Amino acid sequence: MESTGRIIEIEELVKVFRPRSGMPVTALDGLSLSVRQGEIFGLLGRNGAGKTTLLRILTTLSAPTSGAVRVLGHDVQREGLQIRRNMCVVLQENAVELYLSVIDNLTTYARFHAIPRADIPVRAERVLRQFGLEEHRNQKVIDLSGGLKRRVQVAKVFMVDKPVVFLDEATTGMDPINKRATLEAIREQARAGRTIFLTTHILEEAEELCDTIAIIDRGRCIALGDLPTIKSLIPNAFDITITFVSLTDEILGEFQTLPLLKISHKGNTLEACIRSTDLGLFETLSQLTRRYPVRHFEVRSATLEDVFIELLGGKPGTGPAGDLT
Amino acid sequence: MNMILAVMYREYRIRKTSLTWLFYDLFMPLTYLLLFGIGLDRAFATGITVAGQVVNYNAFFLSGVLAMACFGIAINTSYGFFVDRDNGIFYEFLTYPMTRAQFLIGKILFNCLLSLVQTLLTIVLGVLLLSIPLAWNRILFVLLGVLLGTAGWFFFLATFALRIRRNDMFNTFINVAYFILMFASSLFYPVGQLPGWLRILAYLNPMTWHTDALRYATIGVGTFDVVVLEALGFSCFFLCSFAAAVRTLRRGILR
């Protein structure tokens, strides 16, 4: 399988949770996808879509109910150890040694991943610098803020060089500067030929980072491809931003009657997503901007968020797995 | 082997962060022997009869203290699963490049080393302070018994710690188990003098098998054939507990 360049292969994956009381819950329902070597693969979906369940299966923490899952050609159920030897993971839950110092967290992690002892201090210094943790090196993790704890957890995976890196909402809780540093570190890993499989709720992050994106809903893949492919699922969609001299209820009322994909406003600025094939809609917009004084008018191609909302019906919802995922 | 050493190293780093904890672990059994043992030694001034031999209570109780210390370390180590779960690190461990068995073995090996140091301190100071007539020629058997005891009880308790999700439930389980295992055994008194129903319970109790084997190894008291049978019984208990703990860790974490 590695010869075909596919590092992760998932075929018809089903995962059913059978709680002691209540009905069985299908978290993954015939999911199929593959991830190529050196790719940054983003898995998106709303809460309960099955993202974390899939990540747990890929990282050998949970067993599939049916279907085939292979990482680097190894079956997740039969060859878990071989997979674990070739991967590192940032789980959604905070996972740090609270009673150890930052440096000890990095050191013990490296030892678990068989990094030669002589290399560990050099790597630790690099990672401390990379994640801005130098001044906290000797502090016990229990004394750090939530964001710093998360940073320590993420920093650990950069102590080791494994072909596959799994990241479950890795940047959650980080400030923008450290988030940027983390994204850059992830890119570096991919440039070095490593395969990154990540889940995130931050769509801008996925848009910026991922080579391939899969959107899953109710345990099924509803969109898969690179960013242009995903965006093409809503053909000719555009985001418009209009800043009025004064955004009145009357203007808002008129916009709300239009068939827009989404609409929001803040102050005198109104943001909406439209489809350019709708010529009547363009004409109406043109009339509105002539009737009401406009300071700024901008049209951009639709964002991943627009596609995401459109594909998932724009309604807040709970997936079939509820809190399980 | 590297993975087992890595788990041991991690246990060592954590233990090293609290010297009070370490001190308590090392000297607790001796303190028990000095306070509780001396009191009962006076109460049983004529000594205690075991398998036709009369010994003083301190000598009798030494193996009880050692067995209790093994159980205590096993409780602390198995409770570590809850601490790891609360810290979120538990599931991350299971993604590390090691087998479930290596994880369990590494976790208990460091604590077994702690048990050995604890045993040697208790024995040496017990002999010096309380004049316990120790059978020094069997000291290796004592240490082997302590190793098997600590690991066996850890694997037994780990099976429950991994299955029970709530630590208040686990605490209740431990309290009940501790109470029954301690008092329905030969730990504090000779089984032969117990009433019939309690004697049966005690003979079925792995704590009795462990304590009797340690008693034979420390002061040479007991019937050899019975002790061999009990040692075999405890070895079976050890193997079954290990298999159950590994199976639980493999299958029962996230179904």
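Above this text is the structure in question.
Before going into details, it helps to say that this report is about the structure given with it.

Cut-offs applied
- Residues numbered from 1 in each chain as written.
- Chains lettered and ligands numbered in written order.
- Predicted model: local features only at pLDDT ≥ 70, side-chain atom pairs only at ≥ 80, totals over all residues.
- Helix = DSSP H or I, 4+ residues; strand = E, 2+ residues; numbered from the N terminus.
- Buried ≥ 20, exposed ≤ 12 C-beta atoms within 10 Å, placed from the backbone.
- Contact = placed C-beta atoms within 7 Å.
- Core = buried A, V, L, I, M, F, W, Y, C linked by C-beta atoms within 7 Å.
- Domains from an automatic or database assignment.
- Pairing = 2+ DSSP bridges.

## Brief notes about the overall build of chain A
- A tally of helices and strands in chain A yields 11 helices and 14 strands.
- Principal axes of the C-alpha set define a box for chain A whose edges measure 70 × 50 × 45 Å.
- When burial is assessed residue by residue, chain A has 41% of its 325 residues classed as buried.
- Summarising the internal contacts of chain A: among those between residues at least 6 apart in sequence, 72% fall at separations of at least 24.

## Some thoughts on the environment of Phe242 of chain B
- Mapped onto the fold, Phe242 of chain B is located in helix H10 (residues 224-251).
- Separated by 138 residues in the primary sequence, Phe242 of chain B and Leu104 of chain B have C-alpha atoms spaced 8.7 Å apart.

## Overview of the interface of chain B and chain A
- Tallying the contact residues gives 19 residues for chain B and 24 residues for chain A.
- Among the secondary structure elements, those contributing two or more residues to the side of chain B that touches chain A are helix H1 (2-16) and helix H4 (89-93) of chain B.
- When residues in the side of chain B that touches chain A are grouped by element, the largest group, 6 residues, is from H1 of chain B.

## Comments concerning the nonpolar core
- Leu58, Val71, Leu106, Phe166 and Phe197 of chain A together with Cys70 and Ala158 of chain B are the most contacted members of the largest nonpolar core, which has 146 residues in total.
- The biggest single contributor to this core is helix H3 (residues 57-87) of chain B, with 15 residues.
- Summarising the domain contributions, this core has at least three residues from each of domain 1 (2-229) and domain 2 (237-301) of chain A.
- Filtering out sequence-adjacent residues up to four positions away, Phe166 of chain A remains in contact with Leu55, Leu58, Thr59, Met87, Val89 and Phe197 of chain A.

## Concerning the pairing of strand S11 (residues 237-244) of chain A
All names here are of chain A.
- When S11 meets strand S13 (residues 269-275), the two strands line up antiparallel, connected through 7 bridges. Residue Ala237 lies in a different strand from S13, and its bridge partner there is Arg275.
- Here 7 bridges tie S11 to strand S14 (residues 294-301), and the two strands are oriented antiparallel to one another. In the strand pairing of S14, Ile240 is matched with Val299.

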